[in-house]
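# Summary of the model geometry
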Amino acid sequence: MTAPKAVHFLEDKWVEGNPPMMGPMTHATWMASVVFDGARAFEGVTPDLDQHCERLVRSATSFGLKPVYSAGEMQEIARDGLKHYGKDAALYLRPMLWAESGFVSPDPESTRFCFTLFEAPMPAADGFSVCLSSYRRPAPNMAPTDAKASCLYPNSARALTEATGRGFANAVVLDALGNVAELATANLWIAKDGAAITPAPNGSFLNGITKQRIMTLLTARGIPVREARVTWQDVLEADEVFSTGNYGKVLPINRVEDRALQPGPVYTAAREAYWDWAHGG
């Protein structure tokens, strides 16, 4: 039997394809009351699945939605969904909550839930290019930045579209104060003099689950790790630049604007440590 490209736990049953979920009167359709999270299945493992489900519950609460399922129940749903695929399948795991009704503010009692698992190959770790974006991340008092909310992603899409239009694969996005926040689609790291440095969380971007995991793993390997204020100049002058995020986990950046870079020892340690940990090492 051929595995489906996508399965969805919707209305308490598994369905395939791309089933309709929202109508023109659905609150989420016109008021963007959607939160989601993303985990990964690859090489027979689902690292930090529990934390991704827990973060969705927090996002829902922040957004005025009702979680519907507990984080533990979401994990069980994910494990049931994995049975539709082979053991080593590379998948994106995306639980999502949204409001069906409400007037501007969502009605929490109308919250609906869908857990989607779909085929998504892991990106090759051969490096990608970045440039500086003209767009910025909003401050916490300007947008629901404490939630993984769909309404935040059009801004990331603008940054990404701008970057690809210039011939780059991704964009470095600053915060409202002009400091480096993250990439358009992942958290950002630099290495300088053997230390791993990543922007300190200030509420304008998510303190990523994979980012936090890498902090712990690098520290355990004896590599100095710092959360600090990072400027664009710091990125331009870094010994290494790399990203962490759920979709690609740990990936090297091989060009910043017109400066070529090579994957270095800090990036290599981060990727090796993550794969070792994910496989139970």
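Provided above is the structure to which this section pertains.
Here the structure is a predicted model, which is why all the values come from computation and not from measurement. (Residues numbered from 1 in each chain as written. Predicted model: local features only at pLDDT ≥ 70, side-chain atom pairs only at ≥ 80, totals over all residues. Heavy atoms only, no water.)

Let us now look at the overall build of the protein. Helix and strand content of the protein: seven helices and 17 strands. Overall, the protein is about 50 × 45 × 35 Å in size when its C-alpha atoms are taken along their principal axes. Expressed as a percentage of its 281 residues, the buried residues of the protein come to 51%. Contacts in the protein between residues at least 24 apart in sequence constitute 70% of all its contacts with a sequence separation of at least 6. Each charge class in the protein can be summarised by its mean position, and for the 26 positive and 31 negative side chains these summaries are 2 Å apart. (Helix = DSSP H or I, 4+ residues; strand = E, 2+ residues; numbered from the N terminus. Buried < 20%, exposed > 50% of the residue type's maximum accessible area, 1.4 Å probe, protein only. Contact = heavy atoms within 4.5 Å. Lys, Arg positive; Asp, Glu negative; His and termini not counted. Charge placed at Lys NZ, Arg CZ, Asp CG, Glu CD.)

This paragraph deals with helix 7 (residues 265–278). With 14 residues, helix 7 extends 20 Å from end C-alpha to end C-alpha; this agrees with the ideal 20 Å at 1.5 Å per step. Listed in full, the buried residues belonging to helix 7 are Val266, Tyr267, Ala269, Ala270, Arg271, Ala273, Tyr274, Trp275 and Ala278. Turning to helix 7, the residues buried within the fold contact strand 12 (187–192), strand 13 (195–199), helix 5 (209–220), strand 15 (240–245) and strand 16 (249–256). Residue Gly280 follows helix 7 closely and has a positive phi angle near 90°. (Expected span 1.5 Å × (residues − 1).)

Let's shift gears to the pattern of salt bridges. Scanning the model with the defined rule gives 12 salt bridges in all. Notably, a salt bridge pairs Glu76 with Arg79, separated by 3.0 Å at the nearest N-O pair. Of this pair, Glu76 and Arg79 both sit in helix 3 (residues 71–82), three residues apart, which is roughly one turn of the helix. In this structure, the salt-bridge partner of Arg221 is Glu272, at a minimum N-O distance of 3.9 Å. Within this pair, whereas Arg221 is found in the loop between helix 5 and strand 14 (225–228), its partner Glu272 is found in helix 7, the two being separated by 51 residues in sequence. A residue is classified by how much of its surface remains accessible, and Glu272, at 43% relative accessible area, is partly exposed. If you follow the salt bridges from partner to partner, you end up with Glu11, Glu100 and Arg112 in one network. (Salt bridge = Lys/Arg side-chain N within 4 Å of Asp/Glu carboxyl O.)

A separate point is the environment of Lys5. Here Lys5 lies in the segment before strand 1 (6–10). When the C-alpha atoms of Lys5 and Phe128 are compared, they prove to be 26 Å apart, with 123 residues separating the residues in sequence. Apart from the residues lying within four places of it in its own chain, the contact partners of Lys5 are Tyr85, Leu117, Phe118 and Glu119.

With that settled, consider the side chain of His52. Structurally, His52 can be placed in helix 2 (residues 49–63). On the accessibility criterion, His52 (2% relative accessible area) is buried. Those residues within four positions of His52 in sequence are excluded, and the remaining contacts are Asp37, Gly38, Ala39, Pro47, Ile209 and Asn246.

Viewed as axis vectors pointing N to C, helix 5 and helix 7 meet at an angle of 100°, and their least axial separation amounts to 9 Å. With respect to their mutual orientation, helix 5 and helix 7 come out roughly perpendicular. Across the interface between the two elements, Thr210, Arg213, Ile214, Leu217 and Leu218 from helix 5 touch Val266, Ala269, Ala270, Ala273, Tyr274 and Trp277 from helix 7. For the contact of helix 5 with helix 7, the residue count by class is nine nonpolar, one polar and one charged. (Axes fitted to C-alpha atoms, helices over the stretch in contact; angles between N-to-C directions. Parallel < 35°, antiparallel > 145°, perpendicular 65-115°, else oblique. Nonpolar A, V, L, I, M, F, W, Y, C, P; charged D, E, K, R; others polar.)

Turning our attention to the packing of aromatic side chains. Considering all chains together, one arrives at 12 aromatic pairs under this definition. An aromatic cluster is present here, built from Phe9, Trp14, Tyr69, Phe113 and Phe115 joined pairwise through their rings. Stacked on the ring of Tyr247, the Lys or Arg Arg40 has its end atom at 4.4 Å from the ring centre. Here Arg271 stacks its cationic end above the ring of Trp275, 4.1 Å away from the centre of that ring. (Phe/Tyr/Trp six-rings, centres within 6.5 Å; stacked < 30°, edge-to-face > 60°. Lys NZ or Arg CZ within 6 Å of the ring centre and 35° of its normal.)

Attention now moves to the nonpolar core. Ranked by internal contacts, the top residues of the largest apolar core, which has 28 residues, are Val35, Met74, Leu93, Leu97, Phe113 and Phe115. Elements that contribute at least two residues to this core include exactly strand 1, strand 4 (39–41), helix 2, helix 3, strand 5 (91–99) and strand 8 (111–119). No other element matches helix 2, which puts five residues into this core. In this view, Phe113 contacts Phe9, Leu10, Val68, Tyr69, Met74, Ile77, Pro95, Met96, Leu97 and Trp98; residues no more than four positions away in its chain are not counted. Of all hydrophobic cores here, the second largest spans 20 residues; its members include Trp189, Ala196, Tyr274 and Trp275. (Core = buried A, V, L, I, M, F, W, Y, C linked by side-chain atoms within 4.5 Å.)

What follows deals with the packing of helix 2 against helix 3. Viewed as axis vectors pointing N to C, helix 2 and helix 3 meet at an angle of 130°, and their least axial separation amounts to 8 Å. On the basis of their axis angle, the class for helix 2 and helix 3 is oblique. When you trace helix 2 past helix 3, the crossing you get is right-handed. Across the interface between the two elements, Leu49, Asp50, Cys53, Glu54, Leu56 and Val57 of helix 2 pack against Ala71, Met74, Gln75 and Ala78 of helix 3. (Left-handed = near helix turned anticlockwise from the far one by under 90°.)

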